[in-house]
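# Observations on chain architecture
One letter stands for each residue in the lines below.
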Amino acid sequence: MATANNSDFTEKSNNKQAVDALIHARWIIPVVPERRLYENCSLAIKGGLIAAILPTAEARNRFRAREEHQLDNQILIPGLINTHNHAAMSLLRGFADDQPLMTWLQKHIWPAEQQWVSPEFVADGTRLAMAEMLRSGTTTFSDQYFFPEATAAAAREAGMRVQIAFPIIDFPNAWSRNGDDAIEKGLALRDDYRSHSRIGLAFAPHAPYTVGDETLKKIAIYANELQMPVQMHLHETAGEVAKAFADTGQRPIQRLHSLGLLSPQMLCVHMTAVDDSDIALLQKTGAHIAHCPRSNLKLASGFTPIAKLLDAGINVAIGTDGAASNNGLDILLETNTAALLAKAISGDASALPAHQALAMATLNGARALGIDDATGSIEVGKAADLCAIDLSELEQQPLHDPLSQLIYTANGHHVRNVWVAGKLLLQDRRLMTLNEEEVRQRAGVWRDRIAGRTQ
Ligand SMILES: CSC[C@H]1O[C@@H](n2cnc3c(O)ncnc32)[C@H](O)[C@@H]1O
Ligand SMILES: [Zn+2]
């Protein structure tokens, strides 16, 4: 990227309007309005927000900027949104592969978490995850993990936008004694970040099989009173649904509805085992879905019927789940997988076309997290959360359609520049707020500790 720092910025040489930055891009996909592709256009950024979108020649005439960025052969899109992650679990990437969900959790992951998870683990793991996310174009992530105060502090330092979905489990764990204790700690953390523009808080009751009715009812009341989002692993496997039905006579989503939890504030994570009654409930209540196709595929959890859900008007967004089950955090790759899977499952090649897939990774994600007034599309007045992707690689030629190349040939390795709230966090693939060497070194320290080589 050619970048200029304009030294004559302070001079009132002409009547040009002062902005903080101008970004000139070969292509821009704003996501809203539908299917629009701008060529040779520019964004003017001021105070972290998008101040104008206009043809480059006009932008150069109208504005003077402290910095100018020239994105040749790059496509500028809204920053990608990962609606479901356990960032610190990046330190457990490759720790337990090739297992089904419950064996993976009960025999491998939960015992390891009991032994190793601490604020230090979460800080180091979250930095590793953020380095990977920024290098693959993610600007916002929702995170559900122990010691959420460590996650929030790491994200604040790195400059990312984050929804801290603080974990609520009814039994003692590394972070909380029980559900009430977790709610109390989570709400105190919300107070700490009340005025922070990039950090929001959400309730994260872990799953129907780890949280009881009394705790869920309390969460529903608080969420409604405080207008806070809620997210929960739900219908991740057919086995989960069958067991719940045998135990309670209700499908888990019906149980959540009867406890008052389903609303447009609710994000249902996974939803692979879905029948028509579940779809009707989602439709009626406006609850959202976080689709995590690569984690579902790797754990052999099942298939979310995306085309059917989208046809029913349900908002479906993209998540990676943690890198211990995925095993990466690349939202472009996840979106490509979602698009291919939607076609395969529905038997319809026109299902989830490229533009709809991109919307799932951006605007739908912002809606699912309740932050679409601030981010998720390139619109005047929204935050300058942006991702620029190189489309000049040999495997991307010839370039008939930039949108097609983006969804069907690009992945995170092609991401070159990333801004959050107007701040450049990745420049020509170099991390600006995280120390790559240090992140790598800390990952090695944890590998040695977990392998039993050091304490
Ligand atoms: C309470 S912190 C989050 C908790 O969730 C566990 N986890 C990670 N991936 C999954 C998944 O796909 N389904 C259910 N639970 C999952 C993680 O290990 C933590 O214990
Ligand atoms: Zn998860």
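Residues numbered from 1 in each chain as written. Chains lettered and ligands numbered in written order. Predicted model: local features only at pLDDT ≥ 70, side-chain atom pairs only at ≥ 80, totals over all residues. Heavy atoms only, no water.

## A look at the overall build of the protein chain
Tallying secondary structure elements over the protein chain gives 16 helices and 17 strands in all. For the protein chain, the C-alpha radius of gyration of 22 Å lies close to 23 Å, the compact-globule estimate for 455 residues. For the C-alpha atoms alone, the extent of the protein chain along its principal axes is close to 75 × 50 × 45 Å. Once local pairs closer than 6 in sequence are excluded, the contacts in the protein chain between residues at least 24 apart make up 71%. Split by element, the accessible area of the protein chain, about 18000 Å² in all, is 49% carbon and sulfur. One way to put it: in the protein chain the 42 positive side-chain charges average out to a point 3 Å from where the 51 negative ones average out. (Helix = DSSP H or I, 4+ residues; strand = E, 2+ residues; numbered from the N terminus. Rg over C-alpha atoms; globule rule 2.2 N^0.38 Å. Contact = heavy atoms within 4.5 Å. Areas by Shrake-Rupley, 256 points an atom, 1.4 Å probe, with all protein chains shown as cover. Lys, Arg positive; Asp, Glu negative; His and termini not counted. Charge placed at Lys NZ, Arg CZ, Asp CG, Glu CD.)

## Digging into the coordination of the zinc ion (ligand 2)
Between any two of four tetrahedral donors, the ideal angle at the metal is 109.5 degrees; between two of six octahedral donors, it is 90 or 180 degrees. Coordination sphere of the zinc ion (ligand 2), protein contribution only: His84 (NE2), His86 (NE2), His233 (NE2) and Asp321 (OD), at 2.0 to 2.2 Å. Each of the 4 donor atoms bound to the zinc ion (ligand 2) contributes to angles spanning 87 to 161°, and the resulting shape is irregular. Note on His84: relative accessible area 0%, which makes it buried. Classification of His233 as buried rests on a relative accessible area of 6%. (Donors = N, O, S within 2.8 Å, 3.2 Å for Na, K, Ca; no water. Tetrahedral: all angles 85-135°; square planar, octahedral: opposite > 155°, others 65-115°. Buried < 20%, exposed > 50% of the residue type's maximum accessible area, 1.4 Å probe, protein only.)

## Structural notes on the layout of surface pockets
Volume-wise, the largest pocket comes out at about 590 Å³. Surrounding the largest pocket, 25 residues form its lining, Gly200, Leu201, Pro229, Gly370 and Ile371 being those nearest its centre. Residue classes in the lining of the largest pocket are distributed as 11 nonpolar, 8 polar and 6 charged. In this structure, the second largest pocket spans a volume of roughly 380 Å³. Around the second largest pocket, the lining comprises 17 residues; the ones closest to its centre are Ser90, Arg93, Leu128, Arg440 and Ala443. In the lining of the second largest pocket, the residues fall into 10 nonpolar, 1 polar and 6 charged. (1 Å grid on protein atoms, 1.4 Å probe; cavity = no way out; pocket = protein on both sides within 12 Å on 5 of 7 lines; lining within 4 Å. Points joined across faces, edges and corners; volume = space filled by probe spheres on them. Nonpolar A, V, L, I, M, F, W, Y, C, P; charged D, E, K, R; others polar.)

## Thoughts on the site of ligand 1
In the vicinity of ligand 1 lie 19 residues, with Trp110, Glu113, His206, Glu236 and Asp321 positioned nearest. Contacts to ligand 1 include His86, whose side-chain N or O atom sits 3.4 Å from a nitrogen atom. Between ligand 1 and Trp110 there is a distance of 3.1 Å, counted from an oxygen atom to a side-chain nitrogen or oxygen. Compared with its free state, where it exposes 450 Å², ligand 1 has 100% of that area covered by protein. Taking a 2 Å distance to the grid points as the criterion, the majority of the atoms of ligand 1 fall inside the largest cavity. When residues in the shell around ligand 1 are grouped by element, the largest group, 6 residues, is from helix H2 (residues 101-116). Taken together, the residues that form the shell around ligand 1 break down as 11 nonpolar, 5 polar and 3 charged. (Near = heavy atom within 4 Å. Polar contact = N/O pair within 3.5 Å; in protein donor to acceptor, adjacent residues only side chain to side chain. Sits in = over half its atoms within 2 Å of the grid points.)

## Some details on the UniProt feature "binding site: Zn(2+)" (unreviewed entry) in the protein chain
UniProt records the feature "binding site: Zn(2+)" (unreviewed entry) at His84, His86, His233 and Asp321, using the numbering of this structure. The annotated residues occupy 238 residues of the chain but converge on a single region, no pair of C-alpha atoms lying more than 11.9 Å apart. Checking the named residues against the largest cavity, the ones that line it are His86, His233 and Asp321. Relative to the assigned elements, His233 resides in strand S10 (residues 230-234). For His233, the side chain forms a polar contact with the side chain of His84, separated by 3.1 Å. One can find Asp321 in the loop between strand S13 (316-318) and helix H12 (331-346). (UniProt positions renumbered as here; feature names shortened; annotations may be inferred.)

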